[in-house]
Every structure is written in C-alpha cells, then in structure tokens.
Amino acid sequence: MTETRSAPVPVGRRERKKAATRQAIADAALRLFLERGYDDVGIREIADAADVSTTTLFKHFPVKEALVFDEDADQETRLLAAVRERLDGQSIPVALREHALHHRRAAAGGDPRFTAFFDLINNTPALRDYAQAMWLRHSAALARVIAEESGLPCGDPVCAALAHFALEAPRAARGHSAPEEAITRAFDLLDNGWSAVASGR
C-alpha cells in the first residue's frame, strides 16, 4: 500500500486467479490488522477471512509481515524500470522524480487510509523492521541499476547516495502541505548534484 496501485493485469486465467487470491488475502489481512492490531490477528483468522487455507496463504506470503507489504516485488520492478526505460536524454533523477510523483504521491499526501497504514507500521516493531529491510533491498537494487545505466562501477558511493535520497524524498514529503512541490524540489536538488557528477566524468 506504500504506492498507488498500477501493476499490469496478469494475463491468462490461472494467473488472474492467483493474483485475485493473493489480493484477497492481502486485503483481508490489512483490514484485520487495522481493526485489531497486527499482533492480535492470527494467520488462521486471515485465511478464514479470505476463504483460503493456511497452506494457500503461505504459498503467497511466506511470512506474516509480507502480508502488509504485498506490493514489495512490484514496487521494486517499477522503480528499476523507471531508470532503465527512461526517455532518451532524460536524467536518472528526473526519471525517478516522475516515478515518485506518479506512483508514490498518494503516500505523501493526507489520505487517512495511508495515515492508518503508516501508523500500523510505525507502531509495530516487526513491521518497522521488515519495512526497513525492504527499503534497504530496494535502495541496493536501485543503486546497482543506476551504476549500470551510468557506466559507473558497481558499489560506487555516488550511485548509492542517489538511490538512498531518491527513495527518501517521497517519505520526507509525507504530511507536507504541498507534497508534489516538496517531492519536486527534493529531486531538483538531486538532479543538480547528479548533473555535476555527470559533467565531471
């Protein structure tokens, strides 16, 4: 739920059914977690609410924490695609800015659903830890792609820094009175810095 949902619709009846089952499980879990708290909801309750077996639930979500972050893989795929598939002549920070404004803008605004979602994470140690590990995975993957696209060595600290701040900018804009402006200004700063790096190569 940390991004607006816009994943492509799976093709094929089997794929659609699997996606629908996964979504039903995630929706049931989040509803129960928001109603009663993460620690007070059991796996069997979630499975019953989604009308699936616990075995089916674990096929889709190997750990309980993953139920809250059901779009983890899709988010990373879209993030990396924003860099790899950017327009000719478009800088990496600008491509990441467009991605943030398109996919992550709602998370920065004042939507009460997102507020409740973030409160759930922030008030649950297990979810905070999982979210941080997910954030680090996305940051590392993004840094690798930035390096590949820029012809810089893997592990270059400049690429790691850009990845870090590109992911942090939308989070920093949460609660801001003008989140789009806050995100844009942050990425303008990143783009200026990245331009200096590029021109110095």
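What counts as what
- Sequence order sets the numbering: in each chain, residues are counted from 1 along the sequence as written.
- Predicted model: local features are reported for residues with pLDDT of at least 70 only, side-chain atom pairs are reported and counted for 80 or more only, and whole-chain, interface and lining totals are derived from all residues.
- Side-chain numbers here rest on the full set of heavy atoms in the structure, without hydrogens or water.
- Helix and strand definitions follow DSSP, with helices as H or I runs of at least four residues and strands as E runs of at least two, each counted in order from the N terminus.
- An expected span of 1.5 Å times one less than the residue number is assigned to each helix.
- Exposure is judged per residue with a 1.4 Å probe applied to protein chains only, and the accessible area is read against the type maximum: over 50% gives exposed, under 20% gives buried, and values in between give partly exposed.
- Whether two residues touch is decided by their heavy atoms; if any such pair falls within 4.5 Å, the residues are in contact.
- For every element, the axis is a line fit to its C-alpha atoms; helices are fit only across the contacting stretch, and the angle between N-to-C directions ranges from 0 to 180 degrees.
- Orientation is classified from the angle alone, with under 35 degrees giving roughly parallel, over 145 giving roughly antiparallel, 65 to 115 giving roughly perpendicular, and any other angle giving oblique.
- It is the rotation of the near helix from the far one that decides the hand of a crossing: anticlockwise by less than a right angle makes it left-handed, clockwise makes it right-handed.
- Classes in brief: Ala, Val, Leu, Ile, Met, Phe, Trp, Tyr, Cys and Pro nonpolar; Asp, Glu, Lys and Arg charged; the others, Gly included, polar.
- Buried Ala, Val, Leu, Ile, Met, Phe, Trp, Tyr and Cys residues that are joined via side-chain atoms within 4.5 Å together make up what is termed a nonpolar core.
- Whenever a carboxyl oxygen of Asp or Glu lies within 4 Å of a side-chain nitrogen of Lys or Arg, that contact is scored as a salt bridge.
- Patch membership requires more than 30% relative accessible area and the absence of a salt bridge. Residues of like charge join within 9 Å; the nonpolar side chains Val, Leu, Ile, Met, Phe, Trp and Tyr join within 5 Å.
- The protein chains shown are the only cover counted for residues, whose accessible areas, like all others here, come from Shrake-Rupley with a 1.4 Å probe.
- In this charge count, Lys and Arg are treated as positive and Asp and Glu as negative; neither His nor the chain ends contribute.
- For the purpose of locating charges, the reference atoms are NZ of Lys, CZ of Arg, CG of Asp and CD of Glu.

**Description of helix α1 (residues 13-36)**
Owing to its 3.6 residues per turn, the α-helix brings residues three or four apart onto one side.
Part 1 of the reasoning: With 24 residues, α1 should reach 34 Å at 1.5 Å per residue; the first-to-last C-alpha distance of 34 Å fits that figure.
Part 2 of the reasoning: Those residues of α1 lying buried are Thr21, Ile25, Ala26, Ala28, Ala29, Leu30, Leu32 and Phe33.
Part 3 of the reasoning: Residues of α1 that are buried sit in contact with α2 (43-50), α3 (54-60) and α7 (112-122).
Part 4 of the reasoning: Directly after α1, the chain includes Gly37, whose backbone phi takes a positive value near 100 degrees.

**Focus: the packing of helix α4 (residues 72-84) against helix α8 (residues 125-150)**
Part 1 of the reasoning: Interhelical geometry of α4 versus α8 gives an angle of 20 degrees and a closest axis separation of 10 Å. Viewed along their axes, α4 and α8 adopt a mutual orientation that is roughly parallel. For the crossing formed where α4 meets α8, the hand is right-handed. Of α8, the residues touching α4 (which contributes Asp72, Gln75, Glu76, Leu79, Leu80, Val83 and Arg84) are Tyr130, Met134, Arg137, His138, Ala141, Leu142, Val145, Glu148 and Glu149.
Part 2 of the reasoning: Grouping the constituent residues of the contact of α4 with α8 by class yields 8 nonpolar, 2 polar and 6 charged.

**A look at unusual backbone geometry**
Part 1 of the reasoning: Backbone geometry places Asp51, a non-glycine residue, at a positive phi of 60 degrees.
Part 2 of the reasoning: The residue Asp51 is located in the loop between α2 and α3 in this model.
Part 3 of the reasoning: For Asp51, a relative accessible area of 70% translates into the label exposed.

**Digging into the nonpolar core**
Part 1 of the reasoning: By size, the foremost hydrophobic cluster in this structure holds 28 residues, and its most contacted members are Ile25, Phe33, Ile46, Leu67 and Val68.
Part 2 of the reasoning: At the level of secondary structure, the elements contributing two or more residues to this core comprise α1, α2, α7 and α8.
Part 3 of the reasoning: With 7 residues, the top contributor of residues to this core is α1.
Part 4 of the reasoning: Once residues lying within four places of it in the same chain are set aside, the contact partners of Ile25 are Ile46, Ala50, Val52, Thr56, Leu57, His60, Phe61 and Leu67.

**Side note on the pattern of salt bridges**
Part 1 of the reasoning: Applying the stated rule across the entire model yields 9 salt bridges.
Part 2 of the reasoning: The partner of Asp72 in a salt bridge is Arg137, and the shortest N-O contact between them spans 2.4 Å. Here Arg137 lies in helix α8 and Asp72 lies in helix α4, a separation of 65 residues in the sequence.
Part 3 of the reasoning: Overlapping salt bridges, with partners in common, bring together Arg97, Glu98 and Asp188 in one network.

**Section: the packing of α1 against α7**
Part 1 of the reasoning: In the contact formed by α1 and α7, the axes pass within 10 Å of each other and the chain directions differ by 75 degrees. Classified by the angle between their axes, α1 and α7 sit roughly perpendicular to one another. Contacts from Leu30, Phe33 and Leu34 of α1 reach α7 at Ala116, Phe117 and Leu120.

**Quick notes on a positive patch on the surface**
Part 1 of the reasoning: A surface patch of positive charge is lined by Arg13, Arg14, Arg16, Lys17 and Lys18.
Part 2 of the reasoning: Note on placement: Lys18 falls in helix α1.

**Details of the side chain of Arg97**
Part 1 of the reasoning: Position of Arg97 relative to the elements: it lies in helix α5 (residues 92-103).
Part 2 of the reasoning: Accessibility expressed as a relative area gives 18% for Arg97, which makes it buried.
Part 3 of the reasoning: Not counting residues up to four positions away in its chain, the partners in contact with Arg97 are Thr184, Phe187 and Asp188.

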